Amino acid sequence: MVQLRKKIVDQRMKRFEEVCRESGVKLTYQRMEVFREVAGTEDHPDAETVFHGVRKRIPTISLDTVYRTLWTLNDLGLIKTLGASRERSRFDANLDQHHHFVCTQCGHTYDFISETLNNLHLPDSVDELGKIESTLVEVRGVCHKCAKKAGTKKSNITK
């Protein structure tokens, strides 16, 4: 996992505490550690990855607790879900405007920023569907790491 600078994680933890207090949601140790796990990475972890990370610090935590906590955090606006609902949901604590590149081979999700995509003009037909709150572009392809592995495998076969 790509670890974020301490300053960013501290800012996200502070916001987490403020939102929980304002919403009347208890600041439990388990909730804090689940949020810390998501807030401390740019890897867009799925619930099982969060579970395994938190379990290192809280061996008694259950996968069910992690799922319920992630959905609570989502409802509070502290994280958001990514990807199609038929796939494993991934969670992101970075609420700044950004977009995603998803590797179709390994599933890793990378953030990228684009002012052009932030200002993407949507067709009028989208307005007919409802009020637009945000636009998120998800680009799918093969990451450099997987492409390099595939290139290595091909060259091994030909030898």
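Structure shown above.
Conventions and cut-offs
- Residues numbered from 1 in each chain as written.
- Predicted model: local features only at pLDDT ≥ 70, side-chain atom pairs only at ≥ 80, totals over all residues.
- Heavy atoms only, no water.
- Helix = DSSP H or I, 4+ residues; strand = E, 2+ residues; numbered from the N terminus.
- Buried < 20%, exposed > 50% of the residue type's maximum accessible area, 1.4 Å probe, protein only.
- Contact = heavy atoms within 4.5 Å.
- Areas by Shrake-Rupley, 256 points an atom, 1.4 Å probe, with all protein chains shown as cover.
- Phe/Tyr/Trp six-rings, centres within 6.5 Å; stacked < 30°, edge-to-face > 60°.
- Pairing = 2+ DSSP bridges.
- Axes fitted to C-alpha atoms, helices over the stretch in contact; angles between N-to-C directions.
- Salt bridge = Lys/Arg side-chain N within 4 Å of Asp/Glu carboxyl O.

## A word on the overall build of the chain
Consideration 1: Summing up its helical and strand segments, the chain has seven helices and five strands in all.
Consideration 2: Here the chain, with 159 residues, has 33% of them falling under the buried criterion.
Consideration 3: Look at the contacts in the chain between residues 6 or more apart in sequence, and 52% of them connect residues 24 or more apart.
Consideration 4: Carbon and sulfur atoms form 51% of the exposed surface of the chain, whose accessible area is close to 10500 Å².

## Details of the packing of aromatic side chains
Consideration 1: Counted by the stated rule, this structure contains three aromatic pairs.
Consideration 2: Ring plane angle 10 degrees and centroid distance 4.9 Å describe the contact between Phe16 and Phe35, whose orientation is recorded as stacked. Of this pair, Phe16 sits in helix 1 (residues 6-23) while Phe35 sits in helix 2 (residues 29-39); the two residues are 19 residues apart in sequence, bridging distant segments of the chain. Summarising the burial analysis for this pair, Phe16 and Phe35 share the class buried.
Consideration 3: Geometrically, the ring pair formed by Phe101 and Tyr110 is tilted, given 6.3 Å between the ring centres and 55 degrees between the ring planes.

## Here's the deal with the sheet that holds strand 4 (residues 109-112)
For sheets, the rule is that strands pair by backbone hydrogen bonds, running either parallel or antiparallel.
Consideration 1: Strand order across the open sheet formed by three strands is 4-3-5, with mixed pairing between neighbours. Two strands in the sheet have a free side with no partner beyond their single neighbour: strand 4 and strand 5 (138-141). Neighbour-to-neighbour, the strand axes of this sheet turn through a mean angle of 25 degrees, independent of strand direction.
Consideration 2: Strand direction decides the pairing type here: strand 3 (residues 99-103) and strand 4, joined by four bridges, are antiparallel. Bridge assignment links Phe101 to a residue of strand 4, and that residue is Tyr110.

## Focus on the environment of Arg31
Consideration 1: Examined against the element boundaries, Arg31 turns out to sit in helix 2.
Consideration 2: Of the residues examined, Arg31 reaches a relative accessible area of 24% and is grouped as partly exposed.
Consideration 3: Separated by eleven residues in sequence, Arg31 and Cys20 have C-alpha atoms that sit 10.0 Å apart.
Consideration 4: Those residues in contact with Arg31 that sit more than four places away from it in its chain are Phe16, Val25, Lys26 and Thr69.

## Quick notes on helix 3 (residues 47-55)
Consideration 1: Along helix 3, the positions that sit buried rather than exposed are Ala47, Val50, Phe51, Gly53 and Val54.
Consideration 2: In this structure, the buried residues of helix 3 make contact with helix 2, helix 4 (63-75) and strand 2 (90-92).

## A closer look at the pattern of salt bridges
Consideration 1: Per the stated rule, a full pass over the model turns up eight salt bridges.
Consideration 2: One salt bridge in this structure joins Lys6 and Asp10, with 2.8 Å as the shortest N-O distance. With a gap of four residues between them, Lys6 and Asp10 both fall in helix 1, about one helical turn apart.
Consideration 3: On the basis of relative accessibility, which here comes to 61%, the residue Lys6 falls in the exposed class.
Consideration 4: Connected via shared salt-bridge partners are Glu33, Arg36, Glu37 and Arg57.

## Structural notes on the pairing of strand 3
Consideration 1: Of all five residues in strand 3, four are buried; the element is thus mostly enclosed.
Consideration 2: In this antiparallel pair of consecutive strands, strand 3 and strand 4, the connection spans five residues, and Gly107 shows a positive phi of 85 degrees.
Consideration 3: As judged from the four bridges shared by strand 3 and strand 5, these two strands associate in the parallel manner. Directly across from Phe101, in strand 5, lies its bridge partner Val139.

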